[in-house]
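Chain residues, written in single-letter form:
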Amino acid sequence: MTTLAKHARSAPPQPGAPKPRGGYRRLGDLKIALFFIAPAMIGFIFFYVVPTIRGVYLSFTEYNILGDPTWVGMDNYSAIAKDPLFWNSLAVTGQYVFLNIVLQTALALGLALLMHKVAKSTLIRGALLLPWMMSNVIAALLWFWMLDYQIGVVNQFIEWAGLPRVAFFGSEEWAIPTQALINTWRHMGYTALLIFAGMQAIPGHIYEVAKLDGASPFQTFRKITIPLLRPVLVLVLVVTVIGSFQVFDTVSVTTGGGPVNATRVIQYYIYQRAFTESDFGYGSAIAVILFLILALVAFIQMKFLKGNESDLD
Amino acid sequence: MTTTTSRAPLQAATRRRRPFNPRRAGAWALLALAIAVSVVPFLWVLRTALSTNSALASNSASLLPAEFTFGAFMRVFGLQSPADAVAEGGSGAAIDFWLYLKNSIIFSSITTAGAVFFSAMAAYAFARLRWKGRNVVFGLFLGTMLVPPIFTALPNFLLIKNLDLLNTMLGMVLPYVFMTPFAIFFLRQFFLNMSREVEEAAMLDGAKHLRIFFQIVLPNAAAPLATLALLTFIGQWNEYFWPLLVGSQDDVRVLQVGLGVFKSQSPQGAPDWSGLMAAVLVSALPILILFAAFGKKIVNSIGFSGIK
């Protein structure tokens, strides 16, 4: 890569290259910019803008793929308001999101602090990042095996500890916490690295002053580290909440929404309505609601926690 | 960068001074525990993959493989006859591993190459060219990061279906291949910070934007381009939802979807655990190899990519 770069820098000017024409400058770079942006623009319009508009339109229709969508106005939305399965999926997702935020942020903050204080080695950071590199499917299958009721190693240890075996995926009260634990396992190291990077950015002299003033480590953490980390923490919270609202892969591979409705999260419910029951209008309407929830969450978090401003500036 | 410069003196100072500090030892123990939680499951998967299914039940906690065999891996690679598989306690479920591997490689490579290259073009226009409406358009592009993938997935599925591209590689690749908002954002940051001098010198010599882009900008951004390609490839390799919707048939099915199918093929009573874990390991292998080769790059990019 360095050789390539050097080559380019030392490339001799082509003697025969055409000179820029007069009118070209006056137009600014608009023409050439359009050329450079064209492929991305195609992707942007056809796979982001049009689907967004079409998604909203579909949510006001009844559409089973065969034939044309029929306009039904607010029917889907009023049906959703009375749909116990929707409210259940919202509650289940909320439980999952809450567990994720608490577990993931607390563990990641602790890990980041450990890395910051005792070991910054790339090897350690790499080891912690390993689960994040794996797909949700692999994380799910791996834990599906380790948490198996009959011969899973975790239940083996639980039994040795003299406790009753846990049906991690099979019991209604454990199904969602288990999904949250799997996700926490996968993302804990990544989140810790984000927070760690934020800690690295805090200038050392602030800590020195605090030490001279006789602040205890806990006081320093509470009064300096946490406030100065706020932009990073807000980002982590936004990413975690928005990401966990869209949980699908692990549920799809392990429990498939069960037992009963215990893990039928919003995205899984959308998937079921749209793809297994061919009810695209209804599925789209739930997707619109999910979209609105996510936008609201991001807005509140940014406003409330003032994520854009850094105390370091 | 900042870590490497500040690390050395700091460690030397703190390590030499205190011979034993219980708090520090405790901190190390906690860190070791976290590392174990992250890494040990993979060893357990390996141990399972090297066991026979029939021995797993009676030997559920020994650290070594129960009845050591490569049978599960052979099964995944399609080298074991169904009769042998059943003899080792397999369920007889099969996975067309080589086909799914090929599909995964094609899917991830095409989307990564396309997204990185076209996003680089767009990022160049956003960072180095002056044109009216530039910031508005960039803002709109960034806005797409806020749209949840499930929301666009439904209409995108219908579009691919209308184009008659369901269960084709083209249909699977199209939504990703032109750009990803993150890639454009990521590269724009680097292009903004490049020095204008080389570019202007080339411009005076009559070079056009296309040549500047290919001969100056791209080579100088080789490192961020490689990092982005790496992160994109890993993300695409791990993609599940879209390939599940569009590529559910065998000839375009990718590994992630194949794993799910393989798992659901085994009856609830006795899943082919060792076969499944062997498949899990082999599916993760490309990522593990990338990680071994470029781990440092990936680790160091996290701070940047996340904080933005």
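Residues numbered from 1 in each chain as written. Chains lettered and ligands numbered in written order. Predicted model: local features only at pLDDT ≥ 70, side-chain atom pairs only at ≥ 80, totals over all residues. Heavy atoms only, no water.

Describing the overall build of chain A
Counting secondary structure elements, chain A contains 15 helices and two strands. Surface exposure of chain A reaches about 14900 Å², of which carbon and sulfur atoms provide 67%. (Helix = DSSP H or I, 4+ residues; strand = E, 2+ residues; numbered from the N terminus. Areas by Shrake-Rupley, 256 points an atom, 1.4 Å probe, with all protein chains shown as cover.)

Description of the nonpolar core
Considering soluble globular proteins, one finds that nonpolar side chains tend to be buried as a cluster. In terms of nonpolar packing, the biggest core is built from 152 residues, with L129(A), I195(A), F280(A), F157(B), L245(B) and I298(B) touching the most fellow members. Sort the elements by how many residues they give to this core and helix α16 (residues 273-307) of chain B lands first, with 15 residues. Sequence-distant contacts of L245(B), defined by excluding residues within four places in its chain, comprise Y271(A), F275(A), A153(B) and F157(B). In terms of nonpolar packing, the next biggest core, distinct from the first, is built from 38 residues, L187(B), A202(B), F213(B) and V217(B) among them. (Core = buried A, V, L, I, M, F, W, Y, C linked by side-chain atoms within 4.5 Å. Buried < 20%, exposed > 50% of the residue type's maximum accessible area, 1.4 Å probe, protein only. Contact = heavy atoms within 4.5 Å.)

Here we look at a nonpolar patch on the surface
Residues F35(A), F117(B), L210(B) and F214(B) make up a contiguous nonpolar surface patch of about 350 Å² in total accessible area. Of note, F214(B) is situated in helix α12 (residues 209-220). According to the relative accessible area criterion, F214(B) is partly exposed, its value standing at 42%. (Patch = residues over 30% accessible without salt bridge, like charges linked within 9 Å, V, L, I, M, F, W, Y side chains within 5 Å. Salt bridge = Lys/Arg side-chain N within 4 Å of Asp/Glu carboxyl O.)

Focus: the interface of chain B and chain A
Taken residue by residue, the interface counts 103 residues in chain B and 102 residues in chain A. Between chain B and chain A, a total of about 9300 Å² is buried, with carbon and sulfur atoms accounting for 77% of that surface. By the criterion of area lost to chain A, the three top residues of chain B are F151(B), L154(B) and W273(B), representing 8% of everything that side buries. Applying the counting rule to chain B against chain A returns zero salt bridges. The leading source of residues in the side of chain B that touches chain A is α16(B), at 18 residues. (Buried area = accessible area lost by both parts, 1.4 Å probe.)

Considering the environment of K82(A)
Residues and elements named next belong to chain A. Inspection of the secondary structure puts K82 in the loop between α4 (75-81) and α5 (84-117). K82 sits in the exposed class, given a relative accessible area of 66%. Along the sequence, K82 and I53 sit 29 residues apart, while their C-alpha atoms lie 25 Å from each other.

Side note on the packing of helix α6 (residues 97-128) of chain B against helix α9 (residues 169-177) of chain B
All names here are of chain B. At a closest axis distance of 9 Å, the pairing of α6 and α9 adopts a crossing angle of 30°. Between α6 and α9, the interaxial angle falls into the category roughly parallel. When you trace α6 past α9, the crossing you get is right-handed. Residues N103, I106, F107, I110, T111, G114, A115 and F118 of α6 touch α9, and the partners they reach there are M169, M172, V173, Y176 and V177. (Axes fitted to C-alpha atoms, helices over the stretch in contact; angles between N-to-C directions. Parallel < 35°, antiparallel > 145°, perpendicular 65-115°, else oblique. Left-handed = near helix turned anticlockwise from the far one by under 90°.)

Details of unusual backbone geometry
With an omega dihedral of -10°, the bond running from G258(A) to P259(A) counts as a cis peptide bond. Inspection of the secondary structure assignment puts P259(A) in the loop between α13 (249-253) and α14 (266-276). Non-glycine residue V260(A) carries a positive phi angle of around 50°. As for its placement among the helices and strands, V260(A) is situated in the loop between α13 and α14. Although it is not a glycine, N167(B) adopts a positive phi angle of roughly 60°.

Considerations on the packing of aromatic side chains
Tallied over the entire structure, the rule returns 45 aromatic pairs over all chains. Relative to W87(A), the ring of F86(A) has its centre 5.2 Å away and its plane inclined at 70°; by these criteria the two rings are edge-to-face. For F86(A), a relative accessible area of 3% corresponds to the buried category. Connected via pairs of aromatic rings, a cluster forms that spans Y63(A), F248(A), Y268(A), Y271(A), F275(A), F280(A), F157(B), Y240(B) and F241(B). Across the ring face of Y282(A), the terminal group of R273(A) is positioned such that the distance to the ring centre comes to 4.0 Å. (Phe/Tyr/Trp six-rings, centres within 6.5 Å; stacked < 30°, edge-to-face > 60°. Lys NZ or Arg CZ within 6 Å of the ring centre and 35° of its normal.)

Remarks on the environment of G170(A)
All names here are of chain A. The topology assignment puts G170 in the loop between α8 (153-160) and α9 (172-200). Judged by its relative accessible area of 52%, G170 is exposed. Spatially, the C-alpha atom of G170 lies 7.9 Å from that of T255, the residues being 85 residues apart in sequence.

As for the pattern of salt bridges
All names here are of chain A. The final tally for this structure, using the stated rule, is five salt bridges over all chains. A salt bridge links R165 to E159; the nearest nitrogen and oxygen atoms lie 3.0 Å apart. Judged by its relative accessible area of 38%, E159 is partly exposed. Across the pair D279 and R273 runs a salt bridge whose closest N-O atoms are separated by 3.3 Å. Taking relative accessible area as the criterion, R273 reaches 17% and is therefore assigned buried. Look at the salt bridges and you will find they share partners, linking R273, E277 and D279 into a network.

What to know about the side chain of S104(B)
Residue and element names in this part refer to chain B. Residue placement: S104 occurs in helix α6. Taking the relative accessible area as the measure of exposure, S104 reaches 2% and is therefore buried. What S104 contacts, discounting residues up to four positions off in sequence, is W237, V254 and L255.

Observations regarding helix α12 (residues 230-245) of chain A
Taking 1.5 Å per residue, 16 residues should reach 22 Å; α12(A) reaches 22 Å between its end C-alpha atoms and fits that length. Of all the residues in α12(A), the buried ones are V232(A), L233(A), V234(A), V236(A), V238(A), T240(A), V241(A), S244(A) and F245(A). (Expected span 1.5 Å × (residues − 1).)

What to know about the confidence of the model for chain B
All names here are of chain B. Averaged over chain B, the pLDDT score is 84; the fraction of residues at 70 or greater is 85%. By mean pLDDT, the top-scoring element of chain B is α9 (96), and the lowest-scoring one is helix α1 (residues 2-17) (48). The low-confidence segment residues 1-8, where pLDDT is below 50, has five contacts with residues more than four positions distant or belonging to other chains. Complex prediction metrics read pTM 0.87 and ipTM 0.87. (pLDDT = per-residue confidence, 0-100.)

Side note on the environment of I158(A)
Within the secondary structure layout, I158(A) lies in helix α8. For I158(A) and A287(A), which are 129 residues apart along the polypeptide, the C-alpha to C-alpha distance reads 40 Å.

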